[in-house]
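Coordinates in review
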Amino acid sequence: MHDDPRSPADSEAAAVSLFIQQLYSCCPRVIVIPAILAINVATFIYLLYRGAGITGENLQVYIEYGANLGALTKSDQWWRLLTATFMHYGILHLVFNMWVLWDAGRLTERLFGHFNLAWIYIFSGLLASLSSLYWNQDDVASIGASGAVFGIFGALIGYLLRQRQTIPQLLLKQLMKSALIFTGITLFLGATIPAIDNAAHIGGWASGLIMGLLLAKPLTHKRPPLRPALLAHAGSICLLVMGVILSPPPYYDYPSQKRAEATIGEFIEEERILIKDWKTMVDELQSGKAIDQSTMLERLSNSLAQWSQLRNNTRASGNIRPETAKRIDLLNQYAGYRIDNIRILIQYMNSPGEIYLDMLKKNNDAIRDIMKEINSPSA
C-alpha cells in the first residue's frame, strides 16, 4: 500500500482543475449569454432613442414598446411577457442586471449547454412576468431581466444540489455560498424597496431551480437523461400555457382608461381658465363701481354655456378604474355646483335679494367640500 504524497489541499486543487477542464471541454465557448446581453443593450439603446430617458423616466415609452402591464398583456398582448424581460428602467438597472448575468451566466451555460441555458433564461423570464402579472394584477408596468437572471441563479443552485457528488467540495461550497448570498440579499432588498418586483424574482428563481434540478447532468455525460429533459421542457411549456389560460381578465380597459385620464387633464386645464374669468367677474361686481348689467349678464351666460359644455364633455366611457370613474363623477358634481353658482348670480342681478346671497353661500360651502374630496388621496 502506498500513501498519496499529496496533501488534502493539493488533492482538492487537482479535483477543481479537472472539473474546470471538463467544464471547458463540454462547452468551450459561451454564445447564448453574450447574445442575450447584446439584445438587452440594443433594446435599451433603441428605447433611449425613442425617448425613454437615460434614467427610465418616460414610462409611456416602455408601455408602448412592450412593458408587462396587466391591462394590456391580458388583452391578448401576451407577447409582452417576453418583451418586458429585455427592457430596463434606466442605465443603472441595465448595468446591474447585465453584470450579474455575465458573471453567473457563463458558468451556467457551460454546465447546461447552449440550448438548455437559452430555454432556462426564456422560461424563467416568462414565468417571472406571469408571477408579476398575478401578484401586481393590472396596476404595475413591470420590465427588466431580473426574473430571468434569477432563473439563471436558480438553475445554478439546482445543478449544485443535483450534482453535489460530482463537484469538488471546495468549489461546491464557494459556488453555493455565492449564489445563496446574492439570492438572499436581492430578495431582502425587494421586500424592503417597493420599486423592486420581488414577485418576478421569486417566480424566475423557482422556475430556474426546477429546470436546473431536472436538466442537471455530470460533465462526463454529453446529454442529460432523456426523460427528465422531456419532462422539463414539456412541463415548462404546459405551465406557461396554463398560466395564460387561468389568468383573470383585466379589471379595466387600457385605451378607455387613457381616454378618461386625458378627459380629467382637459377638465383641469379648462377649469383654470373658467375660474379665472369667474373671479374677475365677481371682483368687478364687488368693487362697487358702475357696471353695464347687460354686458355682465352676457358674460355670465357665456360662462354658463362653457361650464355646461365642460360638464357634458367630462364623461366616463368604457371599463375604467373605479377610482378614475369616481374622480370623473366628482368633477361632474363640481361643475354642476359651478353652473348653479352662475345661475344664482344671474337671478340675483335680475332680481336682487338676500335669498340668492344665502344660496350662493351654501353653494360655495358645497364646492369647498367637494374640492376636498377631489383632492383627497383616495379620490
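For the structure itself, look to the data block above.
This one's a predicted model, so the numbers in the text were calculated from it and none came from an experiment. (Residues numbered from 1 in each chain as written. Predicted model: local features only at pLDDT ≥ 70, side-chain atom pairs only at ≥ 80, totals over all residues. Heavy atoms only, no water.)

**Remarks on the packing of helix α2 (residues 32-49) against helix α7 (residues 114-136)**
- Contact geometry of α2 with α7 gives a least axis separation of 9 Å together with a crossing angle of 35 degrees. Here α2 contributes Val32, Ile33, Ile36 and Asn40 to the contact with α7, which in turn contributes His114, Leu117, Ala118 and Tyr121.
- For the contact of α2 with α7, the per-class residue count stands at six nonpolar, two polar and no charged. (Axes fitted to C-alpha atoms, helices over the stretch in contact; angles between N-to-C directions. Helix = DSSP H or I, 4+ residues; strand = E, 2+ residues; numbered from the N terminus. Contact = heavy atoms within 4.5 Å. Nonpolar A, V, L, I, M, F, W, Y, C, P; charged D, E, K, R; others polar.)

**Details of unusual backbone geometry**
- Even without glycine at this site, aspartate 76 takes up a positive phi of about 65 degrees.
- Considering the arrangement of structural elements, one finds aspartate 76 in the loop between α4 (70-73) and α5 (80-83).
- Given a relative accessible area of 69%, aspartate 76 falls into the exposed group.
- The phi dihedral of glutamine 137 is positive, around 55 degrees, even though this residue is not glycine.
- Tracing the backbone shows glutamine 137 in the loop between α7 and β2 (141-142).
- Residue classification places glutamine 137 among the partly exposed positions, given a relative accessible area of 45%. (Buried < 20%, exposed > 50% of the residue type's maximum accessible area, 1.4 Å probe, protein only.)

**A few points about the environment of isoleucine 63**
- Among the secondary structure elements, isoleucine 63 is positioned in helix α3 (residues 59-65).
- Overall, isoleucine 63 belongs to the buried group, its relative accessible area being 7%.
- Apart from the residues lying within four places of it in its own chain, the contact partners of isoleucine 63 are Leu69, Leu72, Arg80, Ala141 and Tyr254.

**Let's talk about the environment of serine 376**
- Tracing the backbone through its elements, the reader meets serine 376 in the segment after α15 (354-375).
- Distance in space between the C-alpha atoms of serine 376 and serine 11 is 70 Å, their sequence separation being 365 residues.

**Some details on the environment of valine 149**
- As for its placement among the helices and strands, valine 149 is situated in helix α8 (residues 146-162).
- By relative accessible area, which is 3% here, valine 149 ends up buried.
- Between the C-alpha atom of valine 149 and that of isoleucine 120, which follows or precedes it by 29 residues, the distance is 9.7 Å.

**Looking at helix α13 (residues 293-313)**
- Taking 1.5 Å of rise per residue, the 21 residues of α13 would be expected to cover 30 Å, and the 30 Å separating its terminal C-alpha atoms lies within 8% of that figure.
- Along α13, the residues that are buried comprise Met296, Leu297, Leu300, Ser303, Leu304, Trp307, Ser308 and Leu310. Seen end-on, α13 carries its buried residues on one side only, within an arc spanning 160 degrees. Turned more than 90 degrees away from the buried face of α13, the exposed residues are Ser294 and Glu298.
- The secondary structure elements touched by the buried residues of α13 are α12 (254-286) and α14 (322-350). (Expected span 1.5 Å × (residues − 1). Arc of directions from axis to C-beta.)

**So, the nonpolar core**
- Of all hydrophobic cores here, the largest spans 52 residues; its most connected members are Leu101, Leu111 and Tyr121.
- Listed by contribution, the elements that provide at least two residues to this core are α1 (8-26), α2, α6 (91-112), α7, α8, α9 (169-192), α10 (198-215) and α11 (226-245).
- In terms of residue count, the dominant contributor to this core is α8 (ten residues).
- In this structure tyrosine 121 touches Ile36, Asn40, Thr85, Phe86, Leu101, Ala145, Ala148, Val149 and Ile152, once residues within four positions along its chain are discounted.
- Judged by nonpolar contacts, the second largest core, of 30 residues, contains Leu274, Ile275, Leu304 and Ile374. (Core = buried A, V, L, I, M, F, W, Y, C linked by side-chain atoms within 4.5 Å.)

**Notes on the side chain of asparagine 40**
- Mapped onto the elements of the fold, asparagine 40 is located in helix α2.
- In contact with asparagine 40, other than residues within four places in its own chain, are Thr85, Phe86, His88, Leu94, Met98, Tyr121 and Ala145.

**Quick notes on the packing of α7 against α11**
- One way to put it is that α7 packs onto α11 with a least axis distance of 11 Å and a crossing angle of 20 degrees. In terms of their interaxial angle, α7 and α11 are classed as roughly parallel. Between α7 and α11 the crossing geometry is left-handed. On α11, the residues touching Phe115, Asn116, Trp119, Phe123, Leu126, Leu127, Leu130 and Tyr134 of α7 are His233, Ser236, Ile237, Leu239, Leu240, Gly243 and Val244. (Parallel < 35°, antiparallel > 145°, perpendicular 65-115°, else oblique. Left-handed = near helix turned anticlockwise from the far one by under 90°.)

**Digging into a nonpolar patch on the surface**
- Where nonpolar side chains cluster on the molecular surface, the patch consists of Tyr134, Ile237, Val241, Met242, Ile245 and Leu246 and spans about 580 Å² of accessible area.
- The leading source of residues in the nonpolar patch is α11, at four residues.
- You can see tyrosine 134 is positioned in helix α7. (Patch = residues over 30% accessible without salt bridge, like charges linked within 9 Å, V, L, I, M, F, W, Y side chains within 5 Å. Areas by Shrake-Rupley, 256 points an atom, 1.4 Å probe, with all protein chains shown as cover. Salt bridge = Lys/Arg side-chain N within 4 Å of Asp/Glu carboxyl O.)

**Description of the packing of aromatic side chains**
- All chains considered together, the criterion is met by eleven aromatic pairs.
- Measuring from centroid to centroid gives 6.3 Å for phenylalanine 96 and tryptophan 99, while their planes differ by 50 degrees, and the two rings are tilted. Residue phenylalanine 96 and its partner tryptophan 99 are located together in helix α6, separated by three residues, close to a single helical turn.
- On the basis of relative accessible area, phenylalanine 96 is assigned to the partly exposed category, the value being 40%.
- Ring centres 6.2 Å apart and planes at 20 degrees place the aromatic pair tryptophan 119 and phenylalanine 123 in the stacked group. With tryptophan 119 and phenylalanine 123 both in helix α7, this residue pair falls four residues apart, about one helical turn.
- You can call tryptophan 119 buried: its relative accessible area is 18%.
- A relative accessible area of 3% means that phenylalanine 123 is categorised as buried. (Phe/Tyr/Trp six-rings, centres within 6.5 Å; stacked < 30°, edge-to-face > 60°.)

Nothing here speaks to function; it is all geometry.
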